[in-house]
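# Per-entry structural report
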Amino acid sequence: ETLDKGLEKSKSSFFGKLSKAVAGKSKVDDDVLDELEEILVASDVGVTTTIKIIKRIEERVAKDKYLGTDELNLILREEIAGLLSETETDSKLGFHIPEGKKPYVIMVVGVNGVGKTTTIGKLAHQFKSQGKNVVLGAADTFRAAAIDQLQVWADRTGVPIVKQQMGSDPASVAFETVQEAVKQNADVVLVDTAGRLHNKVNLMNELSKVKRVMQKVADNVPDEVLLVLDGSTGQNAFEQAKQFTAATEVTSLAITKLDGTAKGGVVIGISDQFQIPVKYIGVGEGIEDLQAFDKFEFVDSFFK
Ligand code: GDP
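Residues numbered from 1 in each chain as written. Predicted model: local features only at pLDDT ≥ 70, side-chain atom pairs only at ≥ 80, totals over all residues. Heavy atoms only, no water.

## Looking at helix α10 (residues 235-247)
Spacing of three or four residues puts side chains on the same side of an α-helix, whose turn is 3.6 residues. Over its 13 residues, α10 extends 19 Å from the first C-alpha to the last, a length consistent with the 18 Å expected when each residue adds 1.5 Å. Taken as a whole, α10 has its buried residues at Ala237, Phe238, Gln240, Ala241, Gln243, Phe244 and Ala247. Structurally, α10 contributes buried residues whose contacts are with β1 (104-109), α9 (200-214), β5 (224-230) and α11 (265-274). (Helix = DSSP H or I, 4+ residues; strand = E, 2+ residues; numbered from the N terminus. Expected span 1.5 Å × (residues − 1). Buried < 20%, exposed > 50% of the residue type's maximum accessible area, 1.4 Å probe, protein only. Contact = heavy atoms within 4.5 Å.)

Laid out in structure tokens, this is it:
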């Protein structure tokens, strides 16, 4: 029920409207499809994904234009869930750390203000609650505030942090962090990185350097490159996804601040457009307000 609460705004707006648009309709005509299209676009699903959904519904109803409400509802749910990226670990939600993979290194990327630090703190808390030893790395060395903020989360979660002075080499911090994790036989490493987007080549070089350097300490790391996006920023989130996926190989997404927006559709659009699984959603500022993403639960929660 925490999911329902965290997504209240989207629920009453986006999916609520979707449900209403199909409720009581016995026939899927152009008016219904137009209405659906409008709602999807207005909810930040994005034009490309919206067209895809509408097309698929059209195809499915082409043979028999007369459908009951329940059937159309079902089709809509199926099509939306189908667009959310499949992951090989679907049965295990969130990050799944394989037995014996130590340390499991998660490199966290994203622009300032999207909730990167908060997400790292919440993840540290979750891993720790699972009995795992976590080490944080403050490799966003460009802002003193970023290092301080991560320190706050380290204190709050009781997790060690590796940091250097502001302005030091991010790769050096990342190197030291993984080294420290190996020394401590830690299970999980969460590395914060700087997400300045004003120079694409810089971003690309910096992220690959951080990666390369960590690989000197441990094999096959990072295990995950998690891109954090602010779900309340619509087109900006799409744009950032475009830039970061061009700069590095993003393996998973965390979409934050879904509690503060009525446009939960951004989750569907971004996952579909970039074919990257959403692993976590942020539904508040508190330490517990991060949920492993379950696409069926997500879609279902809106049609209840
Ligand atoms: P960073 O600059 O990307 O590291 O962003 P921060 O982690 O410092 O977060 C920026 C602001 O967003 C802070 O005030 C956080 O409390 C807030 N925030 C982060 N995640 C969420 C979320 O899921 N929901 C809400 N409502 N606020 C969030």
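## Considerations on the packing of helix α6 (residues 116-129) against helix α7 (residues 144-157)
How two helices sit against one another is set out by the angle between their axes and by the gap between those axes. At a minimum axis separation of 9 Å, α6 and α7 run at an interaxial angle of 20°. Between α6 and α7, the crossing angle belongs to the class labelled roughly parallel. When you trace α6 past α7, the crossing you get is right-handed. Taken together, the residues of α7 that come into contact with α6 (itself represented by Thr117, Thr118, Ile120, Gly121, Lys122, Ala124, His125 and Lys128) are Gln149, Leu150, Trp153 and Thr157. (Axes fitted to C-alpha atoms, helices over the stretch in contact; angles between N-to-C directions. Parallel < 35°, antiparallel > 145°, perpendicular 65-115°, else oblique. Left-handed = near helix turned anticlockwise from the far one by under 90°.)

## Remarks on a nonpolar patch on the surface
Together, Val41, Val47 and Ile51 give the surface a local cluster of nonpolar side chains, amounting to about 240 Å² of exposed area. Among the secondary structure elements, valine 41 is positioned in helix α3 (residues 30-42). Classification of valine 41 by relative accessible area gives partly exposed; the value is 37%. (Patch = residues over 30% accessible without salt bridge, like charges linked within 9 Å, V, L, I, M, F, W, Y side chains within 5 Å. Areas by Shrake-Rupley, 256 points an atom, 1.4 Å probe, with all protein chains shown as cover. Salt bridge = Lys/Arg side-chain N within 4 Å of Asp/Glu carboxyl O.)

## Points about the pairing of strand β6 (residues 252-256)
Burial analysis of β6 places 5 of its 5 residues in the buried class, the great majority of the element. Direction of pairing for β5 relative to β6: parallel, over a ladder of 5 bridges. By the bridge assignment, leucine 227 is partnered in β6 with leucine 253. Both β6 and strand β7 (residues 278-282) contribute to a ladder of 3 bridges, which runs parallel. Pairing of alanine 254 across the sheet is with tyrosine 280, part of β7. You can see the chain leave β6, run along α11 and come back into β7, and the turn it takes is right-handed. (Pairing = 2+ DSSP bridges. Right-handed = clockwise from strand over helix to strand, strands pointing away.)

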